[in-house]
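# What the coordinates show
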Amino acid sequence: MGTEERIVLAMAELMRAQGYAATGVNQLTRAANAPMGSLYHHFKGGKREIAAAALRQTGAVYIQLLPLLLDPHEDLAAGIEAAFAAAAADMRDTGWANMCPVGTVAGEVADAEPRLREAAAEVMTHWVDEASAYLTGRGLSGADARDTAFALLSALEGAFVMARTLRSTEPLLAAGRAVAARVAALRAAREL
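Residues numbered from 1 in each chain as written. Predicted model: local features only at pLDDT ≥ 70, side-chain atom pairs only at ≥ 80, totals over all residues. Heavy atoms only, no water.

Once their charged atoms are close, side chains differing in charge can pair, the charge on each being opposite to the other. For the coordinates displayed, the defined rule picks out five salt bridges. With a closest N to O distance of 2.4 Å, E13 and R16 form a salt bridge. Placement of the pair is E13 and R16 together in helix α1 (residues 3-18), with a separation of three residues, close to one helical turn. With relative accessibility at 16%, the residue R16 sits in the buried group. The shortest N-O distance in the salt bridge between D129 and R146 comes to 3.6 Å. Highlighted residues: D129 in helix α8 (residues 114-137) and R146 in helix α9 (residues 142-166), separated in sequence by 17 residues. Given the relative accessible area of 41%, D129 is considered partly exposed. (Salt bridge = Lys/Arg side-chain N within 4 Å of Asp/Glu carboxyl O. Helix = DSSP H or I, 4+ residues; strand = E, 2+ residues; numbered from the N terminus. Buried < 20%, exposed > 50% of the residue type's maximum accessible area, 1.4 Å probe, protein only.)

Turning to the environment of A185, a few remarks are in order. Among the secondary structure elements, A185 is positioned in helix α10 (residues 170-191). Under the relative-accessibility criterion, A185 is labelled partly exposed at 49%. Sequence separation of A185 and A131 is 54 residues, and the distance between their C-alpha atoms is 18 Å.

Pasting the structure below:
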């Protein structure tokens, strides 16, 4: 793994764990095992540019989890509920570690760091587009797929915050049941 990739990966992990503001460049160089000069050699815009790259990279990877988690389930609603349950177990088993640096940073800097808000918005737009296409492929109409993509992603990101704050799997499990119920109702309506 090259220095640039190590820097971006370290930044993503640090932001996932503690957010953008709490991540310093000295801490980043230690985590990436890179000299300070390498940060500015690869990223002329410094910490902000590294953070934007980390958001884009992790966002691109995270959306790939959708088919990995849902494809094994013939019933889409059951798959969604199982995916939320898996996320709940992961959070609990990692000591309530934050699961998503994109959501963490977006909530933290939406008004203070316009470039990072724009990067997070690009990622989230991509997520909605990819999730909509996936859900259409799984049998939802285009409009229902887009609405469900927003509901699923919003429920997941919000449940991450609540689960971490409450130190409880209940928000993720409840959100999973709610989104799964919506999908089941949409599919039942199509079969009428």
